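Each chain is listed here by its residues.
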Amino acid sequence: LDLRGGVCAKCYEVIEWKRRYGKYKPLKQPAKCLGCNQKAVHQAYHQLCPPCAGSRRVCAKCMRAPPAPPTAEELEAKEAQAHASLESRLGALPERQRRTAQRQLAVGAVPVSLTARIERSHGP
């Protein structure tokens, strides 16, 4: 669980934005925790105290669990889909550009100019 100060990355960015632009209002008194109903929340914008957030493994502000990392099968499927998409776009290129692209793919490098050429000839 990668939490900065007990909050998820999105909530951390929201709180940092408030601090940066002068919108952050610190708590004057401890707030009530929604988990244990004790006045134990000392940080502004948090809903859970640190022990409750840690035991539940959720964000102390939005009370959501962080997303699970993608599995190997999901990564493989996404990569296969990207490869199929690239192959279909290569089919729209003229022969000379298609062969150039296939040679560069065999080496493992796809330059930005090739990607732009594919986008231009095939469309978004």
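In case you missed it, the structure is sitting above this.
About the thresholds
- Residues numbered from 1 in each chain as written.
- Predicted model: local features only at pLDDT ≥ 70, side-chain atom pairs only at ≥ 80, totals over all residues.
- Heavy atoms only, no water.
- Helix = DSSP H or I, 4+ residues; strand = E, 2+ residues; numbered from the N terminus.
- Buried < 20%, exposed > 50% of the residue type's maximum accessible area, 1.4 Å probe, protein only.
- Contact = heavy atoms within 4.5 Å.
- Core = buried A, V, L, I, M, F, W, Y, C linked by side-chain atoms within 4.5 Å.
- Phe/Tyr/Trp six-rings, centres within 6.5 Å; stacked < 30°, edge-to-face > 60°.
- Lys NZ or Arg CZ within 6 Å of the ring centre and 35° of its normal.

Draft legend 1. Molecular detail of the overall build of the protein. When its secondary structure is counted, the protein shows five helices and zero strands. Secondary structure elements of the protein, listed N to C terminal, follow the sequence α-α-α-α-α. For the protein, the residues scored as buried account for 17% of the 124 residues in total. Taking the intrachain contacts of the protein between residues at least 6 apart in sequence as the baseline, contacts between residues at least 24 apart amount to 34%.

Draft legend 2. Broad picture of the nonpolar core. Among the nonpolar cores identified, the biggest contains 12 residues, and these are Val7, Cys8, Cys11, Cys33, Val41, Leu48, Cys49, Cys52, Ala53, Val58, Cys59 and Ala60. Apart from residues no more than four positions distant in its own chain, Cys33 is found in contact with Gln38, Val41, Gln47, Leu48, Cys49 and Cys52.

Draft legend 3. Fine view of the packing of aromatic side chains. Under the defined criterion, the tally for this structure stands at two aromatic pairs. The lysine or arginine in question, Arg19, covers the ring of Tyr24, its NZ or CZ lying 4.6 Å from the ring centre.

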